[in-house]
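# Chain and residue survey
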Amino acid sequence: MTYKIGLLGLGTVGTGTVQILQDKALRHPLLQELEIYRVGVRSLDKPRSVVLPEAMLTTDLDDIVSDRAVDIVVELIGGLEPARSLILKAISHGKHVVTANKAVISRYGPEIFDAANEKGVYVMLEAAVGGGIPVIQPLKQSLGANRITSVFGIVNGTTNYILTRMRFEGADFDAVLADAQRLGYAEADPTADVDGLDAADKIAILASLAFGGRIKLEDVFCEGIKKVSAADIAYAEKLGFVIKLLGVARRVESDGETDRLSVRVHPTLVPLAHPLASINGVYNAILIEGEPLGQVMFFGPGAGAGPTASAVVADILNVAAVLKTETEPIPHPLISCNHQHYCPIAPMADLVTRFYARFLTKDSAGVIGYLGTCFGNNGVSLESVVQTGMRDGLAEIVVVTHDVREGNFSAALSEISQLDAIASIPSVLRVL
Ligand code: HSE
């Protein structure tokens, strides 16, 4: 018995997947029962680094997802359309689906999983978050006994690479981005990465699995790294922090009746002693906290042909194993998606966190006092205040607060911005 794979896309990850499926020695024995049956590509003429029989390749992807012989469709074309339609069509034809497509799953997950459950097929997405890092199946299976309280981490390699170089080279964002693009570490259109959208897709998926409910992507607060400056990175370092773009999903208290989540992406000051502070370059790391487990961190390569293909093939193996052993025609409870309700998401104004803020002010008597008064008026307690020098003829003052409700902090900032002595507030960042 073999399980026939219809592969959609022969780009970086598709090629990595074929390479594993063509080189089965010393890997899991179940791989012997997997067969690449058809491969959908955009162009038949493109030179490839894998050799496949000509007859296996087609540009007609619709024909693959409706092919009666195909058992598992592996969607690796990325983007929203036609990926979404092809996944839905594959499901409607009774195919199991393995995908690396975080954009489709975070936006159309409810539609896709409803269709899959109705049809009794599986949709697997280990490769959609954290590339080669196993985090989806651990959340579904190995951590199933826990009450998860938070899942957070570095889920975008491009921005972590940029922030790492900014830190070690003292360089500004634009210069490092341009060099990262030249070296192939950032896309020609870097929007999805640098604006935090890719990380938002990923944290929405992780939150959904960790907290057993659907997440509306539009409820996920998202702020990218474009405004992070070399000055902030240097101040952060002096204060004992490193700036990382974090995706964060936490269970927060509400009125005592309903638990709400905080789900967000933003640059964050991470204490230098925190395990996420030492995750550098393109690497990803995801920290999960639960009861009774405590903390567990998953670390590894968050992208790339081999690592992502490792996750894709693991999903194919999971489906094949279930197909081989399943006797009941019900979805396997540990690999299917079985929640329907939407998780309530708390507004950012209710978030309780520490803040870092940098002010450019007139260098006159009493300015720090005015700042302190505005913070005090709004119940914001300060942990540290630093004035180390001048920038553009103005005094530069950096504060870090104690934990405060974001709404109170924003109210203090708007009061501060009205002060005559304040020239500008170039940065406001949250602190882990
Ligand atoms: N663009 C993503 C990143 C990789 O930079 O992490 C794919 O998810």
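Residues numbered from 1 in each chain as written. Predicted model: local features only at pLDDT ≥ 70, side-chain atom pairs only at ≥ 80, totals over all residues. Heavy atoms only, no water.

Let us now look at the domain arrangement of the protein. The domain boundaries assigned to the protein delineate domain 1 (3–132 + 305–325), domain 2 (136–300) and domain 3 (350–431). Counting from both sides, the interface comprises 18 residues of domain 2 and, opposite them, 17 residues of domain 3. Summed over both sides, the interface between domain 2 and domain 3 buries roughly 1500 Å², with carbon and sulfur atoms accounting for 60% of that surface. Of all residues in domain 2, Tyr235, Leu239 and Leu269 give up the largest surface area on contact with domain 3, accounting jointly for 39% of the area buried on that side. On the surface where domain 2 and domain 3 come into contact, there are three salt bridges. Linking Arg358 and Asp232 is a salt bridge whose minimum nitrogen-to-oxygen distance equals 2.7 Å. Our count for the domain 2 to domain 3 interface comes out at eight residue pairs in polar contact (both at pLDDT 80 or more). (Domains from an automatic or database assignment. Contact = heavy atoms within 4.5 Å. Buried area = accessible area lost by both parts, 1.4 Å probe. Salt bridge = Lys/Arg side-chain N within 4 Å of Asp/Glu carboxyl O. Polar contact = N/O pair within 3.5 Å; in protein donor to acceptor, adjacent residues only side chain to side chain.)

Attention shifts here to the pairing of strand β7 (residues 147–154). A regular strand places its side chains on the two faces of the sheet in alternate fashion. Most of β7 is tucked away, with six of its eight residues classed as buried. Sheet topology places β7 next to strand β11 (residues 283–291); seven bridges connect them, and they run antiparallel. In the sheet register, Arg147 faces β11, and the bridge partner there is Glu291. Where β7 meets strand β9 (residues 241–252), four bridges bridge the pair, whose relative direction is antiparallel. Bridge pairing links Val151 to Ala249 in β9. (Buried < 20%, exposed > 50% of the residue type's maximum accessible area, 1.4 Å probe, protein only. Helix = DSSP H or I, 4+ residues; strand = E, 2+ residues; numbered from the N terminus. Pairing = 2+ DSSP bridges.)

Looking now at the site of the ligand. Around the ligand, the neighbouring residues are Lys102, Asn156, Gly157, Thr158, Asp193, Asp198, Lys202 and Ala303. A distance of 2.7 Å separates an oxygen atom of the ligand from a polar side-chain atom of Lys102. In this structure, Lys202 approaches the ligand through a side-chain N or O atom, which is 2.8 Å from an oxygen atom. Protein chains bury 80% of the 260 Å² of accessible surface belonging to the ligand in isolation. Sorting the residues of the shell around the ligand by element identifies α6 (157–169) and α9 (197–211) as the ones contributing at least two each. (Near = heavy atom within 4 Å. Areas by Shrake-Rupley, 256 points an atom, 1.4 Å probe, with all protein chains shown as cover.)

This next bit is on the sheet that holds strand β1 (residues 3–8). Taken together, six strands build an open sheet; the order of strands is β3-β2-β1-β4-β5-β6 and the sheet is parallel. Whereas interior strands pair on both sides, the edge strands pair on one side only; in this sheet they are β3 (57–58) and β6 (123–124). Direction of pairing for strand β4 (residues 72–75) relative to strand β5 (residues 96–99): parallel, over a ladder of four bridges. Of the residues in β5, the one forming a bridge with Ile72 is His96. Running over the sheet, helix α3 (residues 83–92) touches β1, β4, β5 and β6 and is turned about 155° from β5. (Axes fitted to C-alpha atoms, helices over the stretch in contact; angles between N-to-C directions.)

As judged from the eight bridges shared by β11 and strand β12 (residues 294–301), these two strands associate in the antiparallel manner. Bridge pairing links Leu287 to Met297 in β12. In this antiparallel pair of consecutive strands, β11 and β12, the connection spans two residues.

Time to look at unusual backbone geometry. Cis geometry is adopted by the peptide bond preceding Pro82, which originates at Glu81 and carries an omega value of 5°. Within the fold, Pro82 resides in the loop between β4 and α3. Geometrically, the link from Glu291 to Pro292 is a cis peptide bond, its omega value of 15° lying close to zero. One non-glycine residue with positive phi stands out, namely Leu26, at about 65°.

Our next topic: the pattern of salt bridges. Inspection of every chain in the model, using the stated rule, returns 27 salt bridges. With its nearest N and O atoms 2.8 Å apart, the salt bridge here joins Glu169 to Arg165. Residue Glu169 and its partner Arg165 are located together in helix α6, separated by four residues, close to a single helical turn. On the basis of relative accessible area, Glu169 is assigned to the partly exposed category, the value being 47%. Linking Arg430 and Glu406 is a salt bridge whose minimum nitrogen-to-oxygen distance equals 2.7 Å. Pair noted here: Arg430 is in strand β17 (residues 422–431) and Glu406 is in helix α13 (residues 406–417), with a separation of 24 residues, a long-range link. Through salt bridges with shared partners, a single network forms among Arg165, Glu169, Asp179 and Arg182.

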